[in-house]
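What follows is each chain in one-letter form.
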Amino acid sequence: MTIEDRGDAHVVTHALAKDTLSKIRDVETEQVGFRKGLVKLGRISGYEIIDGAMDTEFVSLETPLTETTGERVKGLDDVVIINVLRAATPFVEGLLKAFPRAKQGVISAGRDEEAGMNDEGEFPITIDYVKLPEIKPEDTVIVADPMLATGSTMCTVLDHVTEEAPDDLEGLFVLSAVSAPDGLLRVSDQFPEADLLTVSIDDHLDDDGFIVPGLGDAGDRAFRTT
């Protein structure tokens, strides 16, 4: 299993994940390459969640030659993926390759850049749209956003998710491609029940609340809106 425990978060250390992240960090990587990279990171991260957090069971089966025993992953039909619009859309596309039967929810959330960060390092967050499926106790919920910066957006999103989720939820994951230490601390403090999983814990946030070295604006790069 290529996941390392880093205290407040778990880091995906799979070589292909690190290679893909390096490619999409590069300012020379254009829109198509950037989107494909996010898709690939979502797929790899999904497989890592399966390998690291989901149980397997032995089953009887018959090959063309004989009866034998096989092993299958439990709970693949009990997965809910929450897409934090808009940058998470290609990221979720990759997750769905690992969990093709997952139920999906959507939350459109954005921080008020004009207001800026307050003294606690938080942004005001606007929620424009929420559509969540029914969440059952046996479900594994994955909230996906490629950038976890101050944690303001994620905490607001998790407020909505946990309001709908049962207290005895099987598992709650916050998945990102790159994260800042400040955001990881904020989310882990406010939602200790969530497992934080990221491909990279970056150095710091700049004065505008952007992750350094980061990816730039993942939504703008993925959808070519710059």
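These numbers were taken from a predicted model, which means no experiment stands behind them.

A. Looking closely at the UniProt feature "binding site: uracil" (unreviewed entry) in the chain. As recorded in UniProt, the sites labelled "binding site: uracil" (unreviewed entry) are Ile-211, Gly-216, Asp-217 and Ala-218. Relative to the assigned elements, Ile-211 resides in strand β13 (residues 211-212). Beyond its immediate chain neighbours, meaning those up to four positions away, Ile-211 contacts Met-147, Leu-148, Ala-149, Val-178, Ser-179, Ala-180, Asp-202, His-204 and Leu-205. Side-chain polar atoms of Asp-217 contact the backbone nitrogen of Gly-219, separated by 3.1 Å.

B. View of the nonpolar core. Ranked by internal contacts, the top residues of the largest apolar core, which has 37 residues, are Leu-41, Phe-99 and Ile-142. Where this core is concerned, the elements lending two or more residues are α1 (15-25), α2 (31-53), β5 (79-85), α3 (88-98), β8 (140-144), β10 (171-179), β11 (195-201) and α6 (218-223). Here this core gets 6 residues from one element, more than from any other, and that element is α2. Leu-41 has contacts with Ala-17, Thr-20, Leu-21, Ile-24, Phe-91, Ala-177 and Val-199, leaving out every residue within four places of it along the chain. Core analysis: the second largest hydrophobic core is formed by 25 residues, Cys-155, Leu-158, Leu-184 and Val-187 among them.

C. Spatial organisation of the pairing of β10. Most of β10 is tucked away, with 9 of its 9 residues classed as buried. As judged from the 5 bridges shared by β8 and β10, these two strands associate in the parallel manner. Its bridge partner lying in β10, Thr-140 is registered against Gly-171. When strand β9 (residues 147-148) meets β10, the two strands line up parallel, connected through 2 bridges. Each residue of the ladder has a partner; that of Met-147, found in β10, is Val-178. Regarding the hand of the β-α-β motif, the stretch spanning β9, helix α4 (residues 152-164) and β10 is right-handed. Relative to β11, β10 runs parallel, the two being bridged by 6 bridges.

D. View of the pattern of salt bridges. Overall, the coordinates contain 7 salt bridges when judged by the stated rule. Note that Lys-103 is salt-bridged to Asp-139, the shortest N-O span being 3.1 Å. Of the two residues, Lys-103 is situated in strand β6 (residues 103-111) and Asp-139 in the loop between β7 (125-131) and β8; the sequence distance between them amounts to 36 residues. Classification of Lys-103 as partly exposed rests on a relative accessible area of 26%. Classification of Asp-139 as buried rests on a relative accessible area of 1%. Close ionic contact of Glu-122 with Arg-186 constitutes a salt bridge, the shortest N to O distance being 3.4 Å. Of this pair, Glu-122 sits in the loop between β6 and β7 while Arg-186 sits in helix α5 (residues 181-190), placing them 64 residues apart in sequence.

E. Just the packing of α1 against α2, in detail. Across the interface, α1 lies against α2 with an axial gap of 9 Å and an inter-helix angle of 155 degrees. As far as their axial angle goes, α2 and α1 are roughly antiparallel. The handedness of the crossing between α1 and α2 is left-handed. In this structure, α1 contributes Leu-16, Ala-17, Thr-20, Leu-21 and Ile-24 to the contact, and α2 contributes Gly-33, Phe-34, Gly-37, Leu-38, Lys-40, Leu-41 and Ile-44. Classifying every residue of the contact of α1 with α2 by side-chain character gives 8 nonpolar, 3 polar and 1 charged.

F. Representation of the environment of Leu-148 within the structure. One can find Leu-148 in strand β9. Note: C-alpha distance between Leu-148 and Leu-85 (63 residues apart in sequence) is 13 Å. When residues no more than four places from it in sequence are discounted, the contact partners of Leu-148 are Met-154, Ser-176, Val-178, Ser-179, Ala-180, Gly-183, Leu-184, Val-187 and Ile-211.

G. Layout of α2. End to end, α2 covers 32 Å across 23 residues, agreeing with the expected 33 Å (1.5 Å per residue, within 8%). Where α2 is concerned, the buried positions are Phe-34, Gly-37, Leu-38, Val-39, Leu-41, Gly-42, Ile-44, Ser-45, Gly-46, Glu-48, Ile-49 and Ile-50. Put simply, Glu-30 is the residue that caps the front of α2, since its side-chain oxygen is 3.0 Å from the backbone nitrogen of Val-32.

What counts, and at which threshold
Residues numbered from 1 in each chain as written. Predicted model: local features only at pLDDT ≥ 70, side-chain atom pairs only at ≥ 80, totals over all residues. Heavy atoms only, no water. UniProt positions renumbered as here; feature names shortened; annotations may be inferred. Helix = DSSP H or I, 4+ residues; strand = E, 2+ residues; numbered from the N terminus. Contact = heavy atoms within 4.5 Å. Polar contact = N/O pair within 3.5 Å; in protein donor to acceptor, adjacent residues only side chain to side chain. Core = buried A, V, L, I, M, F, W, Y, C linked by side-chain atoms within 4.5 Å. Buried < 20%, exposed > 50% of the residue type's maximum accessible area, 1.4 Å probe, protein only. Pairing = 2+ DSSP bridges. Right-handed = clockwise from strand over helix to strand, strands pointing away. Salt bridge = Lys/Arg side-chain N within 4 Å of Asp/Glu carboxyl O. Axes fitted to C-alpha atoms, helices over the stretch in contact; angles between N-to-C directions. Parallel < 35°, antiparallel > 145°, perpendicular 65-115°, else oblique. Left-handed = near helix turned anticlockwise from the far one by under 90°. Nonpolar A, V, L, I, M, F, W, Y, C, P; charged D, E, K, R; others polar. Expected span 1.5 Å × (residues − 1).

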